[in-house]
Structures are given as structure tokens and as C-alpha cells.
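# Report on the structure
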Amino acid sequence: MVKLDRTPQKIDKLRKQLLKWYVHNQRDLPWRRSHDSYAIWVSEIMLQQTRVAVVVERYQAFMGRFPTLVSLALAPEEDVLAMWSGLGYYRRARMLHKAAQFVADQHQGNLPATAAELRLLPGIGAYTAAAIASIANEEHVAVVDGNVERVLCRMAGWEADGATGGAALRRRIEELATQLVDPRRPGDFNQAIMELGATVCLPRNPQCLVCPWTADCKTRGEHKTQPRAQMLSREVGHALSLRMGQQPGESNREVLLEQRPAMLSVMPGLWELPGLREPDVPAEELRMNVRHAIMQVNYYVRIRTVFEDDVDALTVAGGERRWVPLGAAGGMALTGLTRKVLTRAHLFPAVSLDTIAPQPDVDVL
Ligand code: SF4
């Protein structure tokens, strides 16, 4: 195969083609209206593992509640997790919160300017550091995420196989990305190449006919990738237990929630429906079946209606339990599964859009 032309003239031409395409085709996303490093940081952390449509809604609510790094640092963790609800992968929210506290404490509330300094903060990896430094501060560093990897592999005609896969391929991609990034507009260039991967050079059915780089691309279509890990399956059951609150009336119902213990590695501190002793549920007691994916596991979840008097007999106590008014439950840091079940059961009548987010199909850590 003929190699990608990487002469200075060709590199310059590729930069210009991509930036011109970006000017006319970029999506209007709320974080693109800001060059504030805190705002970019929040958006980049949210965008890891969560779909853009979900992030758009949650980002605006989150920034409304925590408009500055210091306001985030000063907030209780429970509030931060509640505002993260619906985005999944809660470890990101905890790390973001901790890093904000560190910056407020050690850097007078100002994020460091360079990628190298940002890398020293808890929870900021190479990708996020490069994104913040280039977009907010125009530092000449390349951003390499999954979209960029795919675009560059296809452009250069590289495939992920035994010979070129893994660390060696990753090094080649980073080298090409570094060579390509435009020193005059590194922030725009990095956003442009990520945008190309997200909207044109798609994992399946890339839109090569409208791609600004199609004339130089060595693949023009899908490329060979590592096979995906097989999903595992597990069956579990949860209890949906409701009762009337202190005041009579339909809107005063309460739901029984349980807090996951803090020592758990997965979703510590989040609230969920109590687990059933037996996932097999008699047909007359079955409220709904839900499929929910967490990492590489597909959970097939049976939700059983459980009366208050039967809770102890039918469920396994795993943490602190609380009867919570339905109107307040939506504002708590719920697991993605619990939020999905309560939403599908139409039990969130009084919750505003600020507290209910669309549910990603795959969450939650
Ligand atoms: S030509 Fe097609 S495969 Fe190549 S970079 Fe563009 S969209 Fe991707």
C-alpha cells in the first residue's frame, strides 16, 4: 500500500482542509461557546463514555448548579453525584469533585495552563489534559481519543492486528496526530478531528463522500479492528416497594431505597432499589423486566412489587435503607438502573427536567 504523504506541504494542506470543513460543519454544542478551562474540563469528563445528546442536557444543568470550579469544590459530594445522575460512570464525578477541591486548595481555584501540569491533577489523564490545554490555552499538543484513533488509522491505512496492534500502533497514531495538529489553531484542529470521527468517519458506514480528507485517505471505508469482548449475562431481581407517606394523597407516595455501601468498588454511595433474595419472580408479582448493561455485563433484571410488610422476607439488606417521597427521589444520586425503573414505572410525576436525564443504554460505575 502507498504510504500517507507526510511532507510539510501535504500536512499543511490536510490541516487547512480539515479546519475549513470544521468551520462549516461543526455541531453547535454548549461547551464550544466557552474557552474557560473549567467549562471545557467538565464537558470533556462528561463526554467520556456518555453520548453527546445526554451530555448536552446534563452539562447545562451541571454548570447552572456549579458555575465555577470553586462552587464545585465547595459542594457536598452527594449534590455532585445527584447532578451527575443519568450520565453514568459515577467515578468520573467523584474524581472531578476531588480534583476541583485540590485545585481550589493548592492552585487558588485556577486550573494549571499546560498539559504537563494538568496531568499532575487527580483524575486528569493525557487525553483530558491535552484537550483542556489546547482548547482553552491554545497549547500545541495533540488530542488522541477513540475518534481520532479511528480517523488516523484509516487515513494511514493501519489496521489493528497482531503485527501492528497494541502499544506499537498507539505510538504511531500519537506520532501522526502530533505531526498533524496545527500550531496556529491547535484547539480548533483537535476539535475538528474529533468532530470528523464523531460525525463523518463513523465506526460503521463512514461517510467518505463528504469527508474533507477522502482524496488522501488510504482506507476510504471501515478498517480491521480488534474483536469486541463478549458481553456476559446475569439475572438479578430488585424490589419496587411503595407506601403512602405521612400525608394522604397520590402525590405523597414513598419508595424504599437502599444506599450502596461506601466500600464497594462499583457505584459506592448511590441509591438503588433493594435487591431480591430470589431473581425468579412469580408472574403475578412481576412489575417489569429490564435489560441494563454495565461495562461488559448485560443484566436481565426482574422488578417485583413488594408490600412493605414483606420487605424483610423477600430482600437482602445491603446498606442503609430509607423511605423517600417520590418527588424527592429524582434529585438523589440514584443508580442508572433505579432511575430507569422509576421512570418506566411513571413514578417521577413531580420531578423537573433538571433532575431527570435521558438514560444511556450503557452505564454506570
Ligand atoms: S475518507 Fe472515509 S475512512 Fe477515510 S478518513 Fe474520511 S471518512 Fe474516514
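Residues numbered from 1 in each chain as written. Predicted model: local features only at pLDDT ≥ 70, side-chain atom pairs only at ≥ 80, totals over all residues.

## A short note on the overall build of the protein
To keep things clear, this is the line we draw: Helix and strand labels come from DSSP, where a helix needs a run of H or I of at least four residues and a strand needs a run of E of at least two; each type is numbered from the N terminus. Here a residue counts as buried when 20 or more other C-beta atoms fall within 10 Å of its C-beta, as exposed when 12 or fewer do, and as partly exposed in between; the C-beta atoms come from the backbone. Placing a C-beta atom from the backbone of each residue, one calls two residues in contact when those atoms lie within 7 Å.
For the protein, the helix and strand inventory stands at 14 helices and nine strands. Dimensions of the protein along its principal axes, counting C-alpha atoms only, are 75 × 45 × 35 Å. The buried share of the protein, taken over its 365 residues, is 36%. Long-range pairs, those at least 24 residues apart, make up 69% of the contacts in the protein between residues at least 6 apart in sequence.

## A closer look at the domain arrangement of the protein
It is common to report an interface's size as the accessible area lost on association of the parts. Put simply, the rule is: An automatic or database domain assignment supplies the start and end points of every domain. Each residue gets one of three labels, nonpolar for Ala, Val, Leu, Ile, Met, Phe, Trp, Tyr, Cys and Pro, charged for Asp, Glu, Lys and Arg, and polar for the others, Gly among them.
Domain annotation of the protein identifies domain 1 (8–210) and domain 2 (232–344). On a C-alpha basis, the centres of domain 1 and domain 2 stand 35 Å from each other. Contact with domain 1, which involves seven residues of that partner, is made by nine residues of domain 2. Across the side of domain 1 that touches domain 2, the residue classes break down as three nonpolar, three polar and one charged.

## Some words on unusual backbone geometry
Its identity is not glycine, yet Q108 carries a phi of approximately 50°, on the positive side. Note on placement: Q108 falls in the loop between α6 (91–106) and α7 (115–118). Looking at Q108, the number of C-beta atoms within 10 Å reads 8, which means it is exposed. Phi at E138 is positive, roughly 55°, even though this residue is not glycine. For E138, the position within the fold is in the loop between α8 (126–137) and α9 (146–156). Given 15 C-beta atoms within 10 Å, E138 falls into the partly exposed group.

## Remarks on the environment of L96
With respect to the element layout, L96 can be found in helix α6. The buried category is assigned to L96, around which 25 C-beta atoms lie within 10 Å. A sequence separation of 167 residues divides L96 from M263, and the C-alpha atoms of the two residues are 19 Å apart. Setting aside its immediate chain neighbours within four residues, L96 contacts I45 and G123.

## Digging into α9
Burial of α9 is extensive: eight of the 11 residues sit out of reach of the surface. Among the residues of α9, V148, R150, V151, L152, C153, R154, M155 and A156 are the ones counted as buried. On the buried face of α9, the contacting elements are α10 (166–180) and α11 (186–199). Note on α9: the residue one or two positions beyond its end, G157, has a positive phi of about 75°.

## A few points about the confidence of the model for the protein
Under the convention used in this document: The predictor attaches a confidence to each residue, called pLDDT, with possible values from 0 through 100.
Per-chain confidence: the protein averages 89 in pLDDT, with 93% of residues scoring 70 or above. Every residue in residues 349–365 is under pLDDT 50, and counting partners more than four places away or in other chains gives 49 contacts.

## Here we look at the nonpolar core
Our working rule: Take the buried Ala, Val, Leu, Ile, Met, Phe, Trp, Tyr and Cys residues, join any whose C-beta atoms are within 7 Å, and the set you get is a nonpolar core.
V42, I132, L152 and A177 are the most contacted members of the largest nonpolar core, which totals 85 residues. Element by element, the count of residues in this core is highest for helix α2 (residues 37–47), at eight residues. Inspection of this core shows a minimum of three residues originating in each of domain 1 (8–210) and domain 2 (232–344). When neighbours within four sequence positions are excluded, I132 is seen to be in contact with S37, I40, W41, E44, L111 and L118.

## Examining the packing of helix α5 (residues 77–84) against α6
The condition is simple: Axes here mean lines fitted to C-alpha atoms, for a helix over just the part in contact, with angles spanning 0 to 180 degrees between N-to-C directions. Our angle categories are set so that under 35 degrees counts as roughly parallel, over 145 as roughly antiparallel, 65 to 115 as roughly perpendicular, and the remainder as oblique. Here is the rule for handedness: rotate from the far helix to the near one, and if that takes an anticlockwise turn smaller than a right angle the crossing is left-handed, while a clockwise turn gives right-handed.
Where α5 meets α6, the closest approach of the two axes is 10 Å, and the angle between their N-to-C directions is 135°. It follows from the interaxial angle that α5 and α6 lie oblique. Judged by the sense of rotation from one axis to the other, the crossing of α5 with α6 is right-handed. Contacts between α5 and α6 involve E77, V80, L81 and W84 from the former and A93, R94 and H97 from the latter. When grouped by side-chain class, the residues that make up the contact of α5 with α6 number four nonpolar, one polar and two charged.

## Regarding the environment of L111
Along the polypeptide, L111 turns up in the loop between α6 and α7. Placed 46 residues apart in sequence, L111 and G157 show a C-alpha to C-alpha distance of 38 Å. The contacts of L111, once residues within four sequence positions are left out, are S37, Y38, W41, L69, V103, L118 and I132.

## Description of the packing of α2 against helix α3 (residues 52–65)
The interhelical angle for the contact between α2 and α3, taken along N-to-C directions, is 140°, at an axis separation of 10 Å. By the angle between their directions, the pair α2 and α3 is classed as oblique. Between α2 and α3 lies a crossing of right-handed hand. For the pair α2 and α3, the contacting residues are A39, V42, S43, M46 and L47 in the first and V52, V55, R58, Y59, F62 and M63 in the second.

## Structural notes on α2
Structural remark: α-helix, 3.6 residues per turn; residues separated by three or four positions point the same way. Counting buried positions over the 11 residues of α2 gives 10, a clear majority of the element. Residues of α2 that are buried: Y38, A39, I40, W41, V42, S43, E44, I45, M46 and L47. Buried positions along α2 lie against α3, α4 (69–74), α6 and α8. Q49 occupies a position one or two residues after α2 and carries a positive phi of about 70°.

## Some remarks on the environment of R92
Within the secondary structure layout, R92 lies in helix α6. In this structure R92 comes out as partly exposed when scored by C-beta crowding, with 18 C-beta atoms within 10 Å. A C-alpha to C-alpha distance of 28 Å links R92 and W323, two positions 231 residues apart in sequence. Setting aside anything within four residues of it in sequence, one finds R92 in contact with I45 and Q48.

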